[in-house]
Each structure stands twice: as structure tokens, then as C-alpha cells.
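The chain contents come next:
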Amino acid sequence: MAEDYQVHDRRSAMRSLLKLRPYLQPHVHRLTVSVAVMLLGAGASIVLPMVARIAIDRYIGPGDIAGLIRLILGAVTLFILVNLSNAVRARLMAQVGQDIIRDIRRDLFHRLQSLPVSFFDKIPVGKVITRLTSDVDALSELVSNAIVNMIIDSLKLFGFLGVMLWLDVRMTAITLLFLPLLVFAITVLNSRIHKAEDLVREQASAVNANSQETISGMRVIQAFGAQEYFDERFAKANKELLNSGLRAVRVFAYFWPLVDLSWLLSLAALLYFGGRWVMAGSTTTGTLIAFISYSGQFFGPLRGLSQAYRIIQRALAGAVRIDDIFATPAEVDPRLPAMPPIAGEVEFKDIVFGYDNDEIVLRDISLKAEVGETIALVGHTGAGKTSIINLLCRFYQPQSGQILVDGCNVLERELVSYRRQIGLVLQDPFLFSGTLRENLRFGAPDASEEQMWQALQTVGLADPFRQQGITLETMLTERGSNFSTGQRQLLSFARALLADPRILILDEATAHVDTVTEQKVQAALEKLLEGRTSFVIAHRLSTIRSADQIIVIGKGKILERGTHEELLIQRGEYWQLVAAQESAATASLTA
């Protein structure tokens, strides 16, 4: 994913921004009203400084009090009109901006959920969150403020310039004489400010990623007493963010003084030369005062345009990063036919797979599970067991070969209809904040209370929960941290069973369950797995003795396959694994 829009050319960045145009279409009527009000307000702002000229030259000089009162009342009315128009326009654009950002954030979040797991392997969570927050907020600022302000300021700029030329060409030339100083501030300094702010955003994204990872792993950090290391790592990232911020501040510190200096020099020149021309009678006092007012307001739109330019640059950067997410191919292809009801026959044919094309982790994997069979995958850590499960769940796609379920190539079937018929229990159970009921119903939204309690009964949680006063409305904190590790594991098990999957996958599903509880679960599974195909990854080889097939994986290949008894007779890799575990168990008992 692009980290900065500067890796794209300007046209590419603008194309990314223009791709978001459909979000504007539902709000065309409000935008039209805003533009009309904006034109009214801009026109009134251009007229207002003329009031001072008319008041001085036409009414104050001749002593026409009645005329002056009428002018003041008209000016107050115009002033109220300008402010009301600004208030209406600001409210309308704020509403439009917030609605658009809500829609973009909603679609972006939906898109993130449709992306393959491989996408999240490459992008830190903190940076993904930045896309949903900072980058979307940059677009909000563009829609709510920058575009409208840029139009208003452009209209005012040309309007003021036209009136100034009409009033006095000489004083207009004096005003424009100091314009290069402002142009320098807007172009050179603004460009440097933008680059510095880009770096600040990138460093902030890195700090977010660092913080998210540290907070997620807090238990491990505290368990190993590694707080000092992570303090130093965060301090380094935080210092880089500080230095980036200070660089931006140093550059920005020169911007507004130069802008103000250009106006002050212009004002001083106008007072000197304009004053002399008033004394000489070649212009009027009212014209000079009106011109000074126009001159001050003339620099205002230039400031506003420079601010709008910076907001546009930030929005372009955000649009590119957001477009990168929208452009990433979705994992789900709705054009594919739905997966029919699964019976449970699974076959891997000559599978070759690697998370990276340069590093293959599975080679020539061929295996077949008949309906209702239990397949156990065993082997040393890193052998490729979980990779086989990942392929079966379609978290990744093989480089070559086929995965058939009931004879259907799973890559040629619609993904959601396929996954809904698979139950998955991982070694690290993930529960979400919410009620127990909501967590259990993920895979079975229509499950009744009776069915949920039956699932809890099956995994041995129903009775303990009732004794502890835990109900289906009990709230789980983030990741279910208010439940024990074993309870979280069993809850994820109950959740999978409640979905009534045709294929059940257990990836070290009993790793955090004590021996007594594991025996109860195993007894329940013997009945529940009847008629279901199951794939079991287990380091505790005692739990898979009754499997229909035990497949030994080593270095990405199938080394052995057969039943427990058949593999023991072979006295190969599996026999060595069993002997090693039995020896370790005996040693622990005698210790």
C-alpha cells in the first residue's frame, strides 16, 4: 500500500480523489443551495468596504446626517445578511461533509472486512486504523471547508482586485508590489510545511501501530518483564514524531509573519502615498480608507487559498491511501455460484503453497477425507499444519493444485456460502466485547436460548456458568478477558458447534484446557463429530489416537499417513513423536 501520495504523480492523486465523487451525488441539492448562499455572501463582502468611502465622501464631508443614518442601516442590514449567509453555508457544508465522511468510513470499514487475510499480514493494524480516522478526517476537512472556502476566496480575490482597479490604479499597483513576498510564503514555505506535515502523519501512524501492538501484547510484556524494552521502543518512535512535529513548527513559524509583513508593508506604502495624494487632491479620503480596507481584505483570500491548498494536499494523500484499500481486490467474488450444502468430502490435490512466492511452505500435498472422517495433522512447529487449515478455510490461495469439497473446487465457489458451513476453533480464542449471547450467535444468528445452552452443556460450561450466575446477557470485556483462558477456549468451541458446521476444524483447540476438562470435551465430541468431517491439529498426540487418518507433516511435505496403530508399527516420524511425548510425561510425573 502506498504510504504517501508523493509516490504517485499529481494526476494519479487527483484521480484517486475524483473516484470519491459518487459520495457527493446524494447531496447535490444541499451543495447547490450552499453555492447560491456562498455567492450571495461573497458579493456582499465585496460591497461592504465601499460603505466607508460613500459615508466619508458623500455624507460625513457634506454633513448629511440623515443620509449617513440610512447608509449605516443599510450597511448593518448587509452585514447581517453576510453573516447569516455564512452561518447557513457553514451549517449546510458541515452536514454534507459529515454525511459524506460517514458513508466513506462505513464503506471503507466494509471493504476492510472483505479483504483477504494476506492484506492484514502486510499492514500493521495501527496504520489501518489511521486510514479509517486521520485520512478520512482529511477528506472531511476538504469537503466541509477547503473546497467552499477556496471558491469563496477566489471570488473575493478577483472581486476585490476589480474594485481596487476601479477605485485607483496607482494604489492597486502599490498593493501588488508586495505580492511576491506573499507568493513566496504561499508556494515555497507552504510546500515545505506540507512535506513536514506528511512526515508528521507518517510518524503518528507509526506511533499508533507501536501503541496498538504493545497494548495487545501487554500480558506477554509484563510476564517477561520487558517493559523497559518497549518503553525504549516507544520513546524512540515518540521522539521521531516529536522531531517531525518540531520541523513542521519551525517551517510554519515563518509563514504567517511573512504573510503579515507583506500586508503591513503594503499598508505603510498606501498610507504614505495615498495620504500625499489626498493632500494633493488627486483622490478622496473616503477612497483611501476604502482602499486600505480592500487591501487588507485582499490579502485575506490569499491566506485562505494557501490554507485550502494545504488541506487539499492532505486530502490528496488521504485519498490515495483510501483508494489503495478500495482498489485492493476483495476476497469475496459475488459472481461465483454459491456453495451447495456440504456433505463433507475434502480432497487436496497436488497443492503447492507459499505465503510468499519466493518461499514455498507446502509442496505436493495430496490427501482425502471421506464424509465424517477425522483427520489429524501432526508434526513439529513450522511443519505446515496450520497452512493446510488456512487453505481449507480459504484464507489464502495455493500457487497450484486444487482443493475439492464434495467434488467442487472451492476457489470456484462463492466464499461466504462456503465458510458458513465450516466451524473453526483456533488455539488463541478470540471473543469480542458484548454479551455472551452475541458471541455465541456469530455463526448461528437465529439460534434459540435452548440451543445455546445445549452447546454450552456439550463443552462442559453450562453447569459452571449457572453456578456462577453467568447468563446469556453477561457482558464480555475486550477479547473476553473477564473469563478464564480455558473458558474462552471452550466458548469459542461452543460457538463453532452452535453453527452446526459440516466441516469442523480444531487448531490446537484444547491447548488451554486442563486434562479433566479435555476428557469431557473429547467424550462429547465423539457424538458431535458423527457425520461431520473434522480436521484436528494437536500437539497432545493422546487426543488424536482415534482419528481415522493421522497425517504427519514435515518441512511442508506429507511424511507419513495412517491410523495410530499403523503409524506406530512403521516406527517412523510419528512413532518418534509419540515416544518423545510419553517420555516427557513420565519424566514430569516422577519429578
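Bear in mind that the values here come from a model prediction, so they are computed numbers and not experimental data. (Residues numbered from 1 in each chain as written. Predicted model: local features only at pLDDT ≥ 70, side-chain atom pairs only at ≥ 80, totals over all residues. Heavy atoms only, no water.)

A. Region of interest: the overall build of the protein chain. Within the protein chain, the secondary structure is distributed over 21 helices and 12 strands. Put simply, of all contacts in the protein chain between residues at least 6 apart along the chain, 78% involve residues at least 24 apart. (Helix = DSSP H or I, 4+ residues; strand = E, 2+ residues; numbered from the N terminus. Contact = heavy atoms within 4.5 Å.)

B. Representation of the nonpolar core. Counting residues in each nonpolar core, the largest one holds 40 residues, and the members touching the most others are L436, L440, L456, F465, L491, I544 and Y574. Counting residues per element, the ones that place at least two in this core are strand 3 (374-378), helix 15 (436-440), helix 16 (449-458), helix 17 (462-468), helix 18 (485-498), strand 9 (503-507), strand 11 (549-554) and helix 21 (573-590). No other element matches helix 18, which puts seven residues into this core. If we ignore the near neighbours within four places in the chain, the residues touching L436 are L456, F465, I470, T471, L472, T474, L476 and L491. Counting 32 residues, the second largest nonpolar core, distinct from the first, contains F353, F535, I537 and I553. (Core = buried A, V, L, I, M, F, W, Y, C linked by side-chain atoms within 4.5 Å. Buried < 20%, exposed > 50% of the residue type's maximum accessible area, 1.4 Å probe, protein only.)

C. Structural context of the environment of L404. For L404, the position within the fold is in strand 4 (residues 400-405). As a C-alpha pair, L404 and L392 span 12 residues in sequence and 9.2 Å in three-dimensional space. When residues no more than four places from it in sequence are discounted, the contact partners of L404 are E345, V346, E347, K349 and N409.

D. Geometry of helix 13 (residues 385-392). With seven of eight residues buried, helix 13 is to be regarded as a mostly interior element. When helix 13 is considered as a whole, its buried residues turn out to be K385, S387, I388, I389, N390, L391 and L392. Within two residues after helix 13, R394 carries a phi angle of roughly 65 degrees, on the positive side.

E. Layout of the environment of L265. Relative to the elements of secondary structure, L265 occurs in helix 11 (residues 255-280). As for L265 and I174, which are separated by 91 residues in sequence, their C-alpha atoms are 9.7 Å apart. Not counting the four nearest positions on each side in its chain, L265 is found in contact with F178 and L181.

F. Structural detail: the sheet that holds strand 1 (residues 346-353). Pairing is antiparallel across the open sheet formed by four strands, whose spatial order is 2-1-4-5. One side of each edge strand has no neighbouring strand; the edge strands of this open sheet are strand 2 (362-369) and strand 5 (408-409). Examined bridge by bridge, strand 4 and strand 5 share two bridges and lie antiparallel to one another. Residue pairing across strands places V405 opposite C408, the latter belonging to strand 5. Against the sheet, helix 13 contacts strand 1, strand 2 and strand 4, and its axis sits at roughly 115 degrees relative to strand 1. (Pairing = 2+ DSSP bridges. Axes fitted to C-alpha atoms, helices over the stretch in contact; angles between N-to-C directions.)

G. Just the sheet that holds strand 6 (residues 422-425), in detail. The six strands lie next to each other as 6-9-10-3-11-12, forming an open sheet whose pairing is mixed. Both outer strands of the open sheet, strand 6 and strand 12 (557-562), are each paired with one neighbouring strand and no more. Ignoring strand direction, the axes of neighbouring strands in this sheet form an average angle of 15 degrees. Looking at chain direction, strand 3 and strand 10 (residues 533-537) are connected through four bridges and run parallel. Looking across to strand 10, one finds that A376 is bridged to V536.

H. Expanded view of the pairing of strand 12. Where strand 11 and strand 12 come together, five bridges link them in antiparallel fashion. Along strand 12, the bridge assignment pairs I553 with I558. Linking two consecutive strands that pair antiparallel, namely strand 11 and strand 12, is a turn of two residues; a positive phi of about 50 degrees is found at K555 within it.

I. Region of the structure containing the packing of aromatic side chains. Considering all chains together, one arrives at seven aromatic pairs under this definition. Through pairs of rings, three or more aromatic residues link up here, namely Y272, F273 and W277. Sitting over the ring of W453, R466 keeps its end group 4.5 Å from the ring centre. The residue whose ring lies beneath R571 is W575, and the NZ or CZ to ring-centre distance is 4.0 Å. (Phe/Tyr/Trp six-rings, centres within 6.5 Å; stacked < 30°, edge-to-face > 60°. Lys NZ or Arg CZ within 6 Å of the ring centre and 35° of its normal.)

J. Expanded view of the environment of L506. Mapped onto the fold, L506 is located in strand 9. For L506, a relative accessible area of 6% gives the class buried.

K. Quick peek at the pattern of salt bridges. One pass over the full model with this rule turns up 13 salt bridges. A salt bridge links R106 to D107; its shortest N-O distance comes to 3.0 Å. Between E449 and R437 there is a salt bridge, with the nearest N and O atoms lying 3.2 Å from each other. Of this pair, E449 sits in helix 16 while R437 sits in helix 15, and the two are 12 residues apart along the sequence. Sharing partners across several salt bridges, the network here consists of R30, D99, R102, D103, R106 and D107. (Salt bridge = Lys/Arg side-chain N within 4 Å of Asp/Glu carboxyl O.)

L. View of unusual backbone geometry. Despite not being glycine, D364 has its phi angle at roughly 50 degrees, a positive value. As for its position among the elements, D364 is in strand 2. For D364, a relative accessible area of 56% puts it in the exposed group. Positive phi, close to 50 degrees, is recorded for R571, a residue that is not glycine. Among the structural elements, R571 can be located in the loop between helix 20 (564-570) and helix 21. Taking relative accessible area as the criterion, R571 reaches 53% and is therefore assigned exposed.

M. Molecular detail of the packing of helix 3 (residues 50-60) against helix 12 (residues 285-327). Two numbers describe how helix 3 lies on helix 12: the axes approach to 8 Å, and their chain directions differ by 165 degrees. As judged from the angle between their axes, helix 3 and helix 12 are roughly antiparallel. Two packed elements cross with a definite hand, and for helix 3 against helix 12 that hand is right-handed. Residue-level contacts link M50, A52, R53, I56 and D57 of helix 3 to T285, G286, T287, I289, A290 and Y294 of helix 12. Grouping the amino acids of the contact of helix 3 with helix 12 by side-chain chemistry returns six nonpolar, three polar and two charged. (Parallel < 35°, antiparallel > 145°, perpendicular 65-115°, else oblique. Left-handed = near helix turned anticlockwise from the far one by under 90°. Nonpolar A, V, L, I, M, F, W, Y, C, P; charged D, E, K, R; others polar.)

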